[in-house]
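Chain residues, written in single-letter form:
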Amino acid sequence: MRPDWDIFCAVIDNYGDIGVAWRLARTLAREQGAAVRLWVDDLRAFQRLWPTADPEQPVQQCAGVTVCAWRTPWADVNPARAVIEAFGCALPEPYLAAMAAQTPAPVWLNLEYLSAEDWVSHHHGLPSPHPRLPLTKHFFFPGFTPETGGVLIEADYAARRAAFDETAWAGEMGLGARQQNELRVSLFAYENAALPALLDAWASGDRPVTCLVPEGRVLPQLAAWLGVSGLAAGAGHRRDALTLRVIPFTDQDCYDQLLWACDLNFVRGEDSCVRAQWAARPMVWQAYPQTGGAHWDKLEALLACYLLAATPDVTEAVSGLWRCWNGIPGASNIARAWGGWLTHHEAITRHAQAWPRTLARAGRLSVKLAEFVESTLKSRVFSNP
Ligand code: TRH
């Protein structure tokens, strides 16, 4: 049978590419009843997000999606009706030739990285004809306005959140009851020059801070700050007002629970940034570092978008902390930025609670993709009866 969707994902580093591709694949399969094949070149990275996956299996069923190992040389398959090349990962040549041999040809989309920059809405949907084959690729840009491809979110998200029992979750995590004034913080981050000073500020502050750190790239820096030789899931350390707990890297649904349970979430890259926004809790975003500081433009664009309706106090406190965390030249020192953030914590929380209503106006990426595919196929049938 010809699948509805083929999604191709090459894992560059980290979990963003596979995180987005996997979330999209299972949303299309579950909500639209679509037959989805997900081609992944690194099944070990996929296994971190879906622990029951077997990285040795060439083909396996996971949450209603057919997950296939993307291997070279390519074994011929019948292309799907819609083909997504995630983040310009370049489709195998024999697969492109098979696409070109179909009538009508599949709808071919390059799913781009998410950005709040203005140019995104002008580039969303633009066509790019293949230089040799009778195929046209369209650029599909996720984004924060209705003119873009929107953002990923599942139809049952609100119901899952409403059913979440924070007390039971805290018990399972071994956290127990909250102390008076305690701040719970999750920390998902790249290596960060500002981290030691932020940890110092938390440790020497008046409020107890419990920082939950999923296993990952930031652990060596944390271990150095603590003066211990290494850290792994299960480790717990206390320094004055700061309690640090290293927790396992979980699947995506469990990661949502962590975001819901914390008063402040440090997130990075793309997918965790969007999840923290839907979680409606205060957040600090670390943009994926790019050479020449190109990520600072992305940071400023998201700040402008996220804070458009915020009060001046909230704007100053949030942008001050985000800029320090991202090492923007000229940003103030992080201890001062943290103090400013804490002063306006309640107003920042109200802002974060209101934000998902604005975010929802951008539309749902999975729905917009499906609509684009259907309208493109329809127009091809009419022009080629
Ligand atoms: O891992 P990342 O840094 O990914 C990055 C970015 O996407 C970046 O834009 C891209 O260029 C680069 O990869 C190649 O951050 P991101 O995007 O938040 O992806 C992390 C995924 O991991 C996301 O789907 C959430 C998920 N996750 C879990 O499922 N469990 C966990 O415990 C944690 C901490 C994350």
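In this report, we go over the structure that sits alongside the text. (Residues numbered from 1 in each chain as written. Predicted model: local features only at pLDDT ≥ 70, side-chain atom pairs only at ≥ 80, totals over all residues. Heavy atoms only, no water.)

### Looking at the overall build of the chain
Then comes step 1: Looking only at helices and strands, the chain features 15 helices and 14 strands.
Then comes step 2: For 385 residues, the compact-globule formula gives about 21 Å, and the C-alpha radius of gyration of the chain, at 22 Å, lands near that figure.
Then comes step 3: Its C-alpha atoms give the chain principal-axis dimensions of roughly 70 × 45 × 40 Å.
Then comes step 4: Taking all 385 residues of the chain together, the buried fraction comes to 54%.
Then comes step 5: Here the analysis covers contacts within the chain between residues at least 6 apart in sequence; of these, 68% occur between residues at least 24 apart.
Then comes step 6: When the accessible surface of the chain is summed, it comes to about 16,800 Å², and 55% of that surface belongs to carbon and sulfur atoms.
Then comes step 7: Side chains of the chain carry 33 positive and 40 negative charges; the gap between the two charge centres is 2 Å. (Helix = DSSP H or I, 4+ residues; strand = E, 2+ residues; numbered from the N terminus. Rg over C-alpha atoms; globule rule 2.2 N^0.38 Å. Buried < 20%, exposed > 50% of the residue type's maximum accessible area, 1.4 Å probe, protein only. Contact = heavy atoms within 4.5 Å. Areas by Shrake-Rupley, 256 points an atom, 1.4 Å probe, with all protein chains shown as cover. Lys, Arg positive; Asp, Glu negative; His and termini not counted. Charge placed at Lys NZ, Arg CZ, Asp CG, Glu CD.)

### Remarks on the nonpolar core
Then comes step 1: Judged by nonpolar contacts, the single largest core of 119 residues is most densely connected at Trp5, Trp202, Trp322 and Trp325.
Then comes step 2: Of the residues forming this core, the biggest block, eight residues, is contributed by helix H1 (residues 16–32).
Then comes step 3: If near-sequence neighbours (up to four positions away) are discounted, tryptophan 325 is found in contact with Leu187, Ala189, Asn192, Ala194, Leu195, Leu198, Phe266, Val284, Trp285, Gln286 and Ile334.
Then comes step 4: Formed by 16 residues, the second largest nonpolar core is a distinct cluster that contains Phe8, Cys68, Cys89 and Trp108. (Core = buried A, V, L, I, M, F, W, Y, C linked by side-chain atoms within 4.5 Å.)

### Remarks on the site of the ligand
Then comes step 1: Around the ligand, 22 residues are found, and the nearest of them are Tyr190, Thr250, Arg268, Asp271 and Ser272.
Then comes step 2: In this structure, glutamine 252 approaches the ligand through a side-chain N or O atom, which is 2.9 Å from an oxygen atom.
Then comes step 3: In this structure, an oxygen atom belonging to the ligand sits 2.6 Å away from a side-chain N or O atom of serine 272.
Then comes step 4: Starting from 710 Å² of accessible surface for the ligand in isolation, the protein chains cover 97%. (Near = heavy atom within 4 Å. Polar contact = N/O pair within 3.5 Å; in protein donor to acceptor, adjacent residues only side chain to side chain.)

### Brief notes about helix H13 (residues 334–343)
Then comes step 1: The complete set of buried residues in H13 reads Ile334, Ala337, Trp338 and Trp341. An end-on view of H13 places all buried positions within 100° of arc, on one side of the element. Residues of H13 that are exposed and point over 90 degrees away from its buried face: Arg336 and Thr343.
Then comes step 2: Where the residues of H13 are buried, they touch strand E9 (183–187), helix H7 (195–204), strand E13 (264–268), helix H12 (312–325) and helix H14 (345–360).
Then comes step 3: Between the side-chain oxygen at the start of H13 and the backbone nitrogen of alanine 335 there is a gap of 2.9 Å, and the oxygen is on asparagine 333. (Arc of directions from axis to C-beta.)

### Section: the layout of surface pockets
Then comes step 1: By volume, the largest pocket amounts to about 820 Å³.
Then comes step 2: Every residue lining the largest pocket is counted, 45 residues in all, and those nearest its centre are Gly16, Arg268, Glu270, Asp271 and Ser272.
Then comes step 3: Broken down by secondary-structure element, the contributors of at least two residues to the lining of the largest pocket are H1, helix H9 (252–261), helix H10 (271–278) and helix H11 (294–306).
Then comes step 4: By volume, the second largest pocket is sized at about 250 Å³. (1 Å grid on protein atoms, 1.4 Å probe; cavity = no way out; pocket = protein on both sides within 12 Å on 5 of 7 lines; lining within 4 Å. Points joined across faces, edges and corners; volume = space filled by probe spheres on them.)

### Structural notes on the sheet that holds strand E7 (residues 127–129)
Then comes step 1: Spatially, E3-E4-E2-E1-E5-E6-E8-E7 is the arrangement adopted by the eight strands of the open sheet, whose pairing is mixed. In the strand order of this sheet, the two ends are held by strand E3 (59–62) and E7, each with one partner. Strand after strand, the sheet turns through a mean of 25° between neighbouring axes, direction not considered.
Then comes step 2: Pairing geometry for strand E5 (residues 82–86) and strand E6 (residues 107–111), over five bridges, is parallel. Following the sheet pairing, alanine 82 is matched in E6 by valine 107. (Pairing = 2+ DSSP bridges. Axes fitted to C-alpha atoms, helices over the stretch in contact; angles between N-to-C directions.)

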